[in-house]
Amino acid sequence: PMSLPVSGSTALRTRAAVGPLRRHLKQPRHRPARAQAVAEDTNLFDPSYDPRLPCTVITGYLGSGKTTLLNNLLKNSEGKRIAVIENEFGAIDIDSELITDKTSIEGGDTVIMLNNGCLCCTVRSDLINMLLELCAPPRRNNIDHVVIETTGLANPSPIISTFFVEEMLANLARLDGLVTVVDSKHVMLHLDEEKPDDAVNECLQQVALADRIILNKLDLVDDDEATAIEARLRDINRLATVKRTIRGDVPTSYVMDVGGFEIDDVEEQVMESEHQHGHSHAHDSNDPDSGHEHSHSHSHSHEHSHSHSHEHSHDLDHVHDNTITSVSVSIPGNLNLERVNDWLGTLLEVRGNEIFRTKGILSVTGCDNKFVFQSVHMLFEGDIGKEWADGEERGSKLVFIGKNLDQDELEDGLKACLEE
C-alpha cells in the first residue's frame, strides 16, 4: 500500500500507515468506539458511519449577522437537536419565546434549554471541557449537532486545531465545517483594513478558512456591488461555496452536514473549485433558497431607513491588498513519491503559518489509486482515494489558500516532483 511519510508534525497518513506515518496531527480516520449513550445504534456495524458528534463553527466579523443566523437555525432546526455554544463573554441573545430553562454550571458557564429540544451554552472557561460534557451521557443522548459561534474578532484557527490535536475530543467529536457570515455593506472595508507588522486581519482569516460563506445583508448593496464582493471572496477562497441572503435566512443543510473536513470529499471539492473559478457569478439564481433577492429595486420599506445611496468610503475598483489568495496548480503525469513527500512536508513546515488550507489530488507512480489530501496550516491528512479509471488522464491538482502565494513557485515545486 502507498504511504507518504513526511518528517515532524506534518506527517502524511494513509489508512495503511506505517513507520513515521503514525506521528500525525489530524482527526482520526478510524471509527472510534461508540459512546455508551448510542451503543445500541444499528449503524454501529456500518463501516461508513462515524459515531462522533458533528460540530460546525460559525464565524464572522462584528455585525455580520451571526446571531440572526443562529436564531433562524434554532427556529428551523428541521428536526435536529442542536446545541449552540457561544464562545465569548456576554449573554446569549436567543429569542425569548424559544427559551424554557436556564441553568448555571461549574466555571460560570450557562446552559439554556429551548422548547424544540435544542440548547445553548455560554463558555466563559474552557471550550474543550464544554464539548466533552456535551459528548458524554446524558447530554449526548439528546444532541444531533453542535454549533459553535465565535466572537467577531476571533481567528478561527485555534478552534479548528482543537479538533485535530486534542485526542480525547477527537475521539468523541468531529469538525464538520466552518461557516463564515459576511456583512455585504462593510466587508470590503474589513478585508482591506491594514494591520500592524504585516499581521493578517481577522476578516481575511475567517474568509480564507471557510467551507461555506454566507453573503448576508444583501439588501444593503446593489447588484454590481454584490457581484464585486462575491468575486473578491472567491479570489480569496475558491474552495468555499457562497450563498447570498438578506437576514441570515439559509437552509439548515447549508450550515450543517457540510463535510468540509471529510477526506473522502476532497476530490469532489477540488474539481468543483476548478469549475467555480472564472464562474463566480454563476450563483444559481433559480434556487429558491439562494437568498439572491435580485428583484428588489431599493424602494422597499425595510425597518432600516437608509436611502441605499451606497456612499461607501472605499472604491470597489481600487487595488486591493490581495496578500491572501487562492492558487490552483495542475500538472499531468505521475509524481515521484519521495520528492513530493519532501516538497509538501518542507512547504508546510516552513510556510504553514501562511498557508491556511490546502486540498489536492496526487497521481503517484506505482499507485493505481488517487491520493487525496488536505491541510489546515501544518496539520495534514492524506488517504487513498478512488482508482484511476481506464483511459483517465493521470495528473495532480492542488488548491492552496494562503498569504503571499506565488503560483509559478508552487507550480515549479510540483513539477520538480514529476517522475523522470
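Enquirer: Requested: an account of unusual backbone geometry, with residues and values cited.
Expert: For the bond running from Pro 137 to Pro 138, omega is 5°, close enough to zero to count as cis. A positive phi angle is found at Glu 78, which is not glycine, with a value near 55°. According to the relative accessible area criterion, Glu 78 is exposed, its value standing at 59%.

Enquirer: I'd like to hear about the pattern of salt bridges, residue by residue, with values.
Expert: Under the defined criterion, the tally for this structure stands at 15 salt bridges. Of the charged contacts in the structure, one is a salt bridge between Arg 81 and Asp 144, with a shortest N-O distance of 3.0 Å. Of this pair, Arg 81 sits in the loop between helix H1 (66–75) and strand E2 (82–87) while Asp 144 sits in the loop between helix H2 (127–135) and strand E6 (145–150), placing them 63 residues apart in sequence. A relative accessible area of 29% means that Arg 81 is categorised as partly exposed. For Asp 144, a relative accessible area of 28% gives the class partly exposed. Between Arg 244 and Glu 230 there is a salt bridge; the shortest N-O distance is 2.7 Å. In this pair, Arg 244 is assigned in strand E9 (residues 241–244) and Glu 230 in helix H7 (residues 223–236), connecting sequence segments 14 residues apart. Summarising the burial analysis for this pair, Arg 244 and Glu 230 share the class buried. Salt bridges sharing common partners tie together Arg 174, Asp 176 and Glu 262.

Enquirer: Please set out the pairing of strand E13 (residues 379–387) residue by residue, giving values where relevant.
Expert: Relative to E13, strand E12 (residues 369–376) runs antiparallel, the two being bridged by seven bridges. Bridge pairing in E13 places Val 372 opposite Asp 383. If you look at the hairpin formed by E12 and E13, you'll find two residues sitting between the two strands, and His 377 has a positive phi there, around 55°.

Enquirer: Run through the nonpolar core, naming residues and quoting values.
Expert: Judged by nonpolar contacts, the single largest core of 58 residues is most densely connected at Leu 131, Val 146, Phe 163 and Leu 191. For this core, the element with the highest residue contribution is H2, accounting for seven residues.

Enquirer: Account for the side chain of Thr 59, naming residues and giving values.
Expert: The residue Thr 59 is located in strand E1 (residues 53–60) in this model. Look at Thr 59 and you get buried, because its relative accessible area is 0%. A distance of 3.4 Å separates polar atoms of two side chains, one belonging to Thr 59 and the other to Gln 206. When near neighbours in sequence (up to four residues on either side) are disregarded, Thr 59 contacts Lys 66, Thr 150, Ala 154, Pro 156, Leu 178, Val 179, Thr 180, Val 181 and Gln 206.

Enquirer: Which residues make up the sheet that holds strand E10 (residues 324–332), and what are the values?
Expert: Taken together, the five strands give an open sheet; going across it, the order is E10-E14-E11-E12-E13, and neighbouring strands pair in antiparallel fashion. Both outer strands of the open sheet, E10 and E13, are each paired with one neighbouring strand and no more. Adjacent strand axes in the sheet meet at a mean angle of 10° when their direction is disregarded. Across six bridges, the pairing between strand E11 (residues 355–362) and E12 is antiparallel. Bridging across to E12, Thr 358 finds its partner in Ser 375. Of the strands in this sheet, E10 and strand E14 (395–403) touch helix H11 (residues 407–415), which is tilted by about 30° from E10.

Enquirer: Which residues make up the packing of helix H10 (residues 337–351) against H11, and what are the values?
Expert: In the contact formed by H10 and H11, the axes pass within 10 Å of each other and the chain directions differ by 145°. On H11, the residues that touch Trp 343, Leu 347 and Arg 351 of H10 are Glu 409, Leu 410, Gly 413 and Leu 414. Considered class by class, the residues forming the contact of H10 with H11 number four nonpolar, one polar and two charged.

Enquirer: Can you explain the packing of aromatic side chains? Please cite residues and give values.
Expert: This model, assessed by the stated rule, comprises three aromatic pairs. On the numbers, 6.2 Å between centres and 70° between planes, the contact of Phe 164 with Phe 261 is edge-to-face. Taken together, the residues Phe 164 in helix H3 (residues 157–165) and Phe 261 in the loop between helix H8 (252–255) and helix H9 (266–276) connect sequence positions 97 residues apart. With respect to burial, Phe 164 and Phe 261 carry one shared label: buried. Ring geometry for Phe 373 against Phe 380: centres 5.1 Å apart, planes inclined by 10°, an arrangement best described as stacked. According to the relative accessible area criterion, Phe 380 is buried, its value standing at 1%.

Quick notes on the rules
- Every chain begins its residue count from 1, and numbering advances along the sequence as written.
- Confidence filtering applies because this is a predicted model: local features only for residues at pLDDT of at least 70, side-chain atom pairs given and counted only at 80 or more, and all residues used for totals across whole chains, interfaces and linings.
- Note: side-chain values were computed over all heavy atoms of the structure, leaving out hydrogens and water.
- The classification of residues rests on relative accessible area computed with a 1.4 Å probe and restricted to protein chains. Under 20% of the type maximum is buried, over 50% is exposed, and intermediate values are partly exposed.
- When a carboxyl oxygen of Asp or Glu is within 4 Å of a side-chain nitrogen of Lys or Arg, the pair counts as a salt bridge.
- Put simply, DSSP H or I for four residues or longer makes a helix, DSSP E for two residues or longer makes a strand, and each gets a number counted from the N terminus.
- In short, DSSP must find at least two bridges between two strands for them to pair.
- Note on terminology: a nonpolar core comprises buried Ala, Val, Leu, Ile, Met, Phe, Trp, Tyr and Cys residues joined through side-chain atoms within 4.5 Å.
- We call two N or O atoms a polar contact when they sit within 3.5 Å, provided that within protein one can donate a hydrogen and the other can accept it, with sequence-adjacent residues counted only if both atoms are side-chain atoms.
- Throughout, a residue-residue contact means that at least one pair of heavy atoms, one from each residue, lies within 4.5 Å.
- Under this scheme, a helix contributes an axis fitted over its contacting stretch, all axes are lines through C-alpha atoms, and angles between N-to-C directions fall in the 0 to 180 degree range.
- Under the convention adopted here, Pro, Cys and the residues Ala, Val, Leu, Ile, Met, Phe, Trp and Tyr are nonpolar, Asp, Glu, Lys and Arg are charged, and Gly plus all remaining residues are polar.
- Put simply, two rings from Phe, Tyr or Trp (the six-membered ring, in Trp's case) pair if the centres are within 6.5 Å, and we call them stacked under 30 degrees between planes, edge-to-face over 60, tilted for the rest.

Scope: geometric values only; no functional claims are made or implied.
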